[in-house]
Amino acid sequence: MSTAFEAAVAARRSEPVVLKLYISGPTPRSAQALVHVRDLCESALRGRYELSVVDLSQSPAQAARHQIVAAPTLVRERPLPQRKFIGDMSDRAKILRGLDVVAA
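Residues numbered from 1 in each chain as written. Predicted model: local features only at pLDDT ≥ 70, side-chain atom pairs only at ≥ 80, totals over all residues. Heavy atoms only, no water.

1. Thoughts on the environment of Thr73
No. 1: When you line up the elements, Thr73 lands in strand S3 (residues 73–78).
No. 2: On the basis of relative accessibility, which here comes to 2%, the residue Thr73 falls in the buried class.
No. 3: Sequence spacing of Thr73 and Met89 is 16 residues, and the spatial spacing of their C-alpha atoms is 8.6 Å.
No. 4: Filtering out sequence-adjacent residues up to four positions away, Thr73 remains in contact with Lys20, Leu21, Tyr22, Ile68, Lys84, Phe85, Ile86 and Met89.
No. 5: A polar side-chain atom of Thr73 sits 2.4 Å from the main-chain carbonyl oxygen of Ala70. (Helix = DSSP H or I, 4+ residues; strand = E, 2+ residues; numbered from the N terminus. Buried < 20%, exposed > 50% of the residue type's maximum accessible area, 1.4 Å probe, protein only. Contact = heavy atoms within 4.5 Å. Polar contact = N/O pair within 3.5 Å; in protein donor to acceptor, adjacent residues only side chain to side chain.)

Right, dumping it as structure tokens:
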């Protein structure tokens, strides 16, 4: 491997993972998704993630603006490309693969 390539890979791995979780009010499914995402972030991305939560029942315009068709939806905004996951986020292995991150 070239040094430039190795440097690019290392930079990507150190880049913070920016996540946004869209939920639909205080529902059991939303609560479950929030617990699963926070647990995943703290165990696999500790110190290198930013997570924000958007409650679509409080901000319904956000759904159209960000093309959210179901809730809960987790969006990886950074690093690009953007990726979306729908459901209660209980399939930890699938989420980690989809996020394309190396566990801490």
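2. Some thoughts on the sheet that holds strand S4 (residues 83–86)
No. 1: The four strands are arranged S2-S1-S3-S4 in an open sheet whose pairing can be described as mixed. Two strands bound the open sheet, and with one partner strand each, they are strand S2 (49–55) and S4. Sheet twist, expressed as the mean angle between neighbouring strand axes with direction ignored, is 20°.
No. 2: Relative to S3, strand S1 (residues 17–23) runs antiparallel, the two being bridged by five bridges. Bridge pairing links Val18 to Arg78 in S3.
No. 3: Of the strands in this sheet, S1, S3 and S4 are in contact with helix H4 (residues 92–99), which crosses S4 at around 165°. (Pairing = 2+ DSSP bridges. Axes fitted to C-alpha atoms, helices over the stretch in contact; angles between N-to-C directions.)

3. Observations regarding the environment of Val37
No. 1: In this structure, Val37 sits in helix H2 (residues 28–44).
No. 2: Exposure remark for Val37: the relative accessible area of 3% places this residue in the buried category.
No. 3: In sequence terms Val37 and Leu74 are 37 residues apart; their C-alpha atoms lie 8.3 Å from each other.
No. 4: Every residue in contact with Val37, bar those within four places of it in the chain, is listed here: Leu21, Leu51, Leu74 and Met89.

4. Here's the deal with the pairing of S2
No. 1: Sheet analysis places S1 next to S2, joined by seven bridges and oriented parallel. Looking at the pairing, Ile23 lines up with Asp55 of S2.
No. 2: Handedness of the crossover is the feature at issue here: the chain leaves S1, passes through H2, returns alongside S2, and the resulting connection is right-handed. (Right-handed = clockwise from strand over helix to strand, strands pointing away.)

5. Some remarks on H2
Helical geometry note: an α-helix holds 3.6 residues per turn, so side chains three or four residues apart project in the same direction.
No. 1: For H2, with 17 residues, the first-to-last C-alpha span of 24 Å sits near the 24 Å given by 1.5 Å per residue.
No. 2: By the burial criterion, the buried members of H2 are Ser30, Ala33, Leu34, Val37, Leu40, Cys41 and Ala44. Projected onto a plane normal to the axis of H2, the buried residues spread over an arc of 135° and lie on a single side. Exposed side chains of H2 directed beyond 90 degrees from the buried face belong to Pro28 and Val35.
No. 3: Its buried side turned inward, H2 meets S1, S2, S3 and H4. (Expected span 1.5 Å × (residues − 1). Arc of directions from axis to C-beta.)

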